[in-house]
Amino acid sequence: MKIVSTGQDDFERRFTALLERPQGEENLSGVVRAIIERVREEGDAALLDYTARFDKQVLEAAGLRVSQAELDAAEAQTPKELREALKIAARRIEAFHQAQMPRDIEFTDDLGITAGMRWGALDAVGLYVPGGKAAYPSSVLMNAMPAKVAGVRRIAMVVPAPGGVLNPHVLAAANAAGITEIYRVGGAQAVAALAYGTASIARVDRIVGPGNAYVAEAKRQVFGAVGIDSIAGPSEVLILADASADPVQLAYDLLAQAEHDEDAQSILVTDDAGLAAAVEREVAAALESLPRRDIASASWARHGAIILVRDWDEAVEISNRIAPEHLQLMLADPRTVFAKVRHAGAVFLGANTPEAMGDYIIGPNHVLPTSGTARFASGLSVYDFLKRTTYAAVPEAGLKALGPHAVTLAKAEGLTAHAQSIAVRLKQE
């Protein structure tokens, strides 16, 4: 049985075990470090060698970049309805992120001192797009559009091409996002190339986008040389549902996460035992018809759960402890419960708002904090592609009014040159 109850004596133990997520492959750090160091030292030569070894694709340096002819061919291979869907999604994602754009601030106080803050875009961003178990055109849009809205001058995309095959739908999404600088490389070696540069791939200032365990570890190791978005864990959804919810809909909502990969997690929380039992049955039935049923079944068996609660305060407490990547409130009155939610990457309100809509077309970003990091982190936004620069201008009157206090503070910290830097302007000793 997948159903557990908060009323059970061992619930806390079982709940804690449920929150323990996969930690990734062991001994990954050293392997990734060696790849990164070799790319730093050998540049394109290492990149081409790793691409031949891991992606079974033999290239010359001139063939690393995807040509405009290839982009045009991919566009032609993409069905018209998919091209249209990508364009609609791109417009909606762009509009939402445009609304996020912050404003510069500047004010002058009563001493005549001006202080301000100016926002500016990063110069260059690297976008990693997976090319393994599945290709995700939506990921291209979600990572590229906020960067474009922020005003990033250069967006370089890397995507592995196993066996030399590039997914045309991914390239069509890049076209919809206006990305033309694309390289057929992936893995830790692609992250290293973006972070440190090679003869063919210029370095960037931040790397964003999902990848496998090697990509995640590479991003961790290059952080500091470049910025990164996050170290993403397996996908997850938490659904709070009452008796008004449809068990069939809930089953597919749970499996929408489970079909990502075997380590994904899907949890339903409800106060209705009948609904819990119905959803369990519907999940079993739905699994029979899913093309990715082996993956979804493994995810559901290892990490899935249905939790019965006594009331919605208890449900919200569980939700805030989990701090889920995705939180669906499939409730008759979702707003009341939403007001009590403190930690979640993204929240989906009501029966007509499955998380899958947010993955593609609503507008808010689907790159979100996982593994409980929503306690302190947020989803991808224009802010990830902007920097804040503060500035100040102090007139003579302001220097005379505040300078002596600054001198006092500097002397208290034992920083004589700091104090003198101000004192000489005040003609003090």
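Cut-offs used in this document
- Residues numbered from 1 in each chain as written.
- Predicted model: local features only at pLDDT ≥ 70, side-chain atom pairs only at ≥ 80, totals over all residues.
- Heavy atoms only, no water.
- Phe/Tyr/Trp six-rings, centres within 6.5 Å; stacked < 30°, edge-to-face > 60°.
- Helix = DSSP H or I, 4+ residues; strand = E, 2+ residues; numbered from the N terminus.
- Buried < 20%, exposed > 50% of the residue type's maximum accessible area, 1.4 Å probe, protein only.
- Contact = heavy atoms within 4.5 Å.
- Polar contact = N/O pair within 3.5 Å; in protein donor to acceptor, adjacent residues only side chain to side chain.
- Pairing = 2+ DSSP bridges.
- Core = buried A, V, L, I, M, F, W, Y, C linked by side-chain atoms within 4.5 Å.
- Salt bridge = Lys/Arg side-chain N within 4 Å of Asp/Glu carboxyl O.

(A) Region of the structure containing the packing of aromatic side chains. A full pass over the atoms with the stated rule returns three aromatic pairs. The interplanar angle of 20° and the centroid separation of 5.5 Å between the aromatic rings of Phe11 and Phe15 together place this pair among those described as stacked. Of this pair, Phe11 and Phe15 are both found in helix α1 (residues 11-19), four residues apart, which corresponds to roughly one turn of the helix. One exposure class covers both Phe11 and Phe15, and it is buried. Note on Tyr50 and Phe54: the rings are 5.6 Å apart at their centroids and 10° apart in plane angle, and the pair reads as stacked.

(B) Inspection of helix α13 (residues 312-322) at higher detail. Three or more residues of α13 are buried, namely Glu314, Ala315, Val316, Ile318, Ser319, Asn320 and Ile322. Elements in contact with the buried residues of α13: α1, β9 (236-241), β10 (265-270), β11 (305-308), β12 (326-330) and α14 (334-338). The N-cap of α13, judged by a side-chain oxygen 3.2 Å from the amide nitrogen of Asp313 a few residues on, is Asp311. Where α13 terminates, the next one or two residues include Ala323, which has phi positive at roughly 50°.

(C) Inspection of the pairing of β11 at higher detail. Side chains Ala305 and Ile307 project from β11 onto one buried face, and the interleaved Ile306 and Leu308 project onto a second face that is buried too. Inspection of the sheet shows strand β1 (residues 3-5) paired to β11 by three bridges, in the parallel sense. Paired with Ile3 across the two strands is Ile306, which belongs to β11. Here β10 pairs with β11 via four bridges, running parallel. When the bridges of β11 are listed, Val269 appears paired with Ile307.

(D) Main features of the side chain of Ser266. Here Ser266 shows up in strand β10. Polar contacts involving the side chain of Ser266 include one to the main-chain carbonyl oxygen of Leu254, which spans 2.6 Å. When near neighbours in sequence (up to four residues on either side) are disregarded, Ser266 contacts Val237, Leu254, Gln257, Ala258, Trp300, His303, Gly304 and Ala305.

(E) View of the pairing of strand β3 (residues 114-121). Across four bridges, strand β2 (residues 105-108) lies against β3 in antiparallel orientation. Bridge pairing in β3 links Phe107 to Ala115. Counted between consecutive antiparallel strands, the loop separating β2 from β3 contains five residues, among which Gly112 sits at a positive phi close to 85°. In this structure, β3 lies alongside strand β14 (residues 386-393), joined through eight bridges in antiparallel fashion. Bridge assignment links Ala115 to a residue of β14, and that residue is Ala392.

(F) Fine view of the nonpolar core. Ranked by internal contacts, the top residues of the largest apolar core, which has 41 residues, are Leu127, Val140, Leu141, Met157, Ile179, Ile182 and Phe385. Secondary-structure elements contributing two or more residues to this core are α4 (68-77), α5 (80-100), β3, β4 (124-128), α6 (137-150), β5 (154-158) and α7 (168-177). It is α6 that contributes the most residues to this core, eight residues altogether. What Ile179 contacts, discounting residues up to four positions off in sequence, is Leu71, Leu127, Val140, Ala144, Ile155, Met157 and Ala174.

(G) Geometry of the sheet that holds β4. The sheet built from five strands is open, its strands ordered β6-β5-β4-β7-β8 with parallel pairing. This sheet does not close on itself; its edge strands, each paired only once, are β6 (181-183) and β8 (227-228). Where β4 and β5 come together, five bridges link them in parallel fashion. Note on β5: the bridge partner recorded for Tyr128 is Val158.

(H) How the structure looks around the environment of Leu287. Residue placement: Leu287 occurs in helix α11 (residues 273-287). Given a relative accessible area of 10%, Leu287 falls into the buried group. Counting along the chain gives 91 residues from Leu287 to Ser378, while the straight-line C-alpha distance between them is 32 Å.

(I) Summary view of the pattern of salt bridges. The full count for this structure, using the stated rule, is 15 salt bridges. A salt bridge links Asp49 to Arg38; the nearest nitrogen and oxygen atoms lie 2.7 Å apart. Placement of the pair is Asp49 in helix α3 (residues 44-55) and Arg38 in helix α2 (residues 28-42), with a sequence separation of 11 residues. The exposure class of Arg38 is partly exposed, given its relative accessible area of 22%. Among the ionic pairs, Arg53 bridges to Asp49, the shortest N-O distance being 3.5 Å. One end of the pair, Arg53, and the other, Asp49, are both in helix α3, four residues apart, so they sit about a helical turn from each other. For Arg53, a relative accessible area of 44% gives the class partly exposed. Ionic contacts of the salt-bridge type, sharing partners, join the residues Arg38, Glu42, Asp49 and Arg53 into one network.

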